[in-house]
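Commentary on secondary and tertiary structure
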Amino acid sequence: SAFNENLLDSELFGHVKGSFTGAIKDKPGLFELADGGSIFLDEIGDTSLSMQVKLLRVLSTGEITPVGQNITKKVSCRVITATNENLEEMIKAKAFREDLYFRVKQFSLTIPPLRERKEDILDLANKILSDTRFPDKRLAKDAEALLLSYPWPGNVRELRSAMEVAA
């Protein structure tokens, strides 16, 4: 979601020199670079329907077409996706393609929000503290109680930010 659609096309599938303003040389895309390995697509629920069609094509055929080129390239990589969206609800709302959903949901892992995993909060907070410029800092008991009482709507990212500021 951080890229506009044209830039996302180029990032994922590559481009050839001269295919758009600023394309001064051929550039392989992330799928081509991941050939033989893995590619992680974060926030797949935020992709446009037209990009979902392109992703479905890659997952179905194993072929990419770089921007500005009519020749396809074969790629073979494991695709790992993540989203914080409810894809089933998005399918009902016609905002996510059902066929793409079944391609990416071969194995699913649901990680509950931090507010439902209170037992992880202090371990995570201490780990984050140890990774700061102040690795010897420790949480006071009243700080621990405060961390455990907060619902953490921003999950681990919010906890990380809070711990870095506190340090």
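Now for a look at the structure at hand. Per chain, residues are indexed from 1 in the order of the written sequence. Where local features are concerned, this predicted model is filtered to residues with pLDDT of at least 70; where side-chain atom pairs are given and counted, the filter is 80 or more; whole-chain, interface and lining totals use all residues. No hydrogens and no water enter the side-chain calculation; it runs on all heavy atoms of the structure.

Here Gln 52 is to be found in helix H3 (residues 49-61). Contact criterion: two residues are considered in contact whenever any of their non-hydrogen atoms come within 4.5 Å of each other. Excluding residues within four positions of it along the chain, Gln 52 makes contact with Thr 47, Ala 95, Phe 96, Arg 97 and Leu 100. Helix and strand assignments follow DSSP, with helices taken as H or I runs no shorter than four residues and strands as E runs no shorter than two, numbered in order from the N terminus.

Of the voids in this model, the largest pocket is the one considered here, and its volume is about 1,400 Å³. Buriedness of a pocket was judged along seven lines, with at least five required to meet protein on both sides within 12 Å; pockets are open sets of points on a 1 Å grid over the protein atoms alone, cavities are sets where a 1.4 Å probe fits but cannot get out, and lining residues have an atom within 4 Å of a point. Together, 40 residues line the largest pocket, and Thr 81, Ala 82, Thr 83, Asn 84 and Leu 109 are the ones closest to its centre. Only H3, strand S4 (78-81), helix H4 (87-92), helix H5 (98-104) and helix H8 (155-166) provide two or more residues apiece to the lining of the largest pocket. Gly is put with the polar residues, along with every residue not named as nonpolar or charged; the nonpolar set is Ala, Val, Leu, Ile, Met, Phe, Trp, Tyr, Cys and Pro, and the charged set is Asp, Glu, Lys and Arg. Of the residues belonging to the lining of the largest pocket, the class tally is 20 nonpolar, 11 polar and nine charged. Grid points are joined across faces, edges and corners, and a volume is the space filled by probe spheres set on the points.

Right, let's get into the packing of helix H6 (residues 118-130) against H8. Axis lines are fitted through C-alpha atoms, for helices just across the contact stretch, and the angle between N-to-C directions can take any value from 0 to 180 degrees. Look at H6 against H8: their axes get within 9 Å of each other, and the N-to-C directions meet at 50°. Here H6 is positioned oblique relative to H8, judged by the angle of their axes. Judged by the twist between their axes, the crossing of H6 over H8 is right-handed. Residues Ile 121, Leu 124, Ala 125, Ile 128 and Leu 129 of H6 lie in contact with H8, whose contacting residues are Val 156, Leu 159, Arg 160, Met 163 and Glu 164. When its residues are assigned to classes, the contact of H6 with H8 shows eight nonpolar, no polar and two charged. Any angle between 65 and 115 degrees counts as roughly perpendicular, while under 35 counts as roughly parallel, over 145 as roughly antiparallel, and the rest as oblique. Helix crossings fall into two classes, left-handed where the near helix is turned counterclockwise from the far one by less than a right angle and right-handed where it is turned clockwise.

Salt bridge, as applied in this entry: a Lys or Arg side-chain nitrogen positioned within 4 Å of an Asp or Glu carboxyl oxygen. For the coordinates displayed, the defined rule picks out 10 salt bridges. For the salt bridge of Glu 63 with Arg 57, the shortest nitrogen-to-oxygen distance reads 3.6 Å. Glu 63 gets classed as partly exposed once you look at its relative accessible area, which sits at 23%. Each residue is placed in one exposure class: buried if its accessible area under a 1.4 Å probe, protein chains only, is under 20% of its type's maximum, exposed if it is over 50%, and partly exposed if it falls in between. A relative accessible area of 34% means that Arg 57 is categorised as partly exposed.

Let's shift gears to unusual backbone geometry. With a phi close to 50°, Trp 152 is a non-glycine residue in the positive phi region. Residue position: Trp 152 is located in the loop between helix H7 (141-149) and H8. Positioned with a positive phi, Asn 155 is a non-glycine residue whose angle comes to about 55°. On the secondary structure map, Asn 155 appears in helix H8.

Tracing the chain through its elements places Thr 47 in the loop between strand S1 (38-41) and H3. Thr 47 sits in the buried class, given a relative accessible area of 15%. Identification of polar contacts relies on pairs of N or O atoms within 3.5 Å, with a donor-acceptor requirement for protein atoms, meaning one able to donate a hydrogen and the other able to accept it, and with residues adjacent in sequence counted only if both atoms are side-chain atoms. At 2.8 Å, the side chain of Thr 47 forms a polar contact with the backbone oxygen of Ile 44. Apart from the residues lying within four places of it in its own chain, the contact partners of Thr 47 are Gln 52, Leu 55 and Phe 96.

Side-chain rings of Phe, Tyr and Trp (the six-membered ring for Trp) are treated as a pair once their centres are within 6.5 Å; stacked means planes under 30 degrees apart, edge-to-face means over 60, and tilted covers the remaining angles. On inspection of all chains with the given rule, the structure shows three aromatic pairs. When the centroid spacing of 5.7 Å and the interplanar angle of 5° are considered together, the rings of Phe 13 and Phe 31 count as stacked. Note that Phe 13 is positioned in helix H1 (residues 5-13) and Phe 31 in helix H2 (residues 30-33), a separation of 18 residues in sequence. Classification of Phe 31 as buried rests on a relative accessible area of 1%. A ring pair is formed by Tyr 150 and Trp 152, whose centres lie 4.5 Å apart and whose planes are at 80°; its orientation type is edge-to-face.

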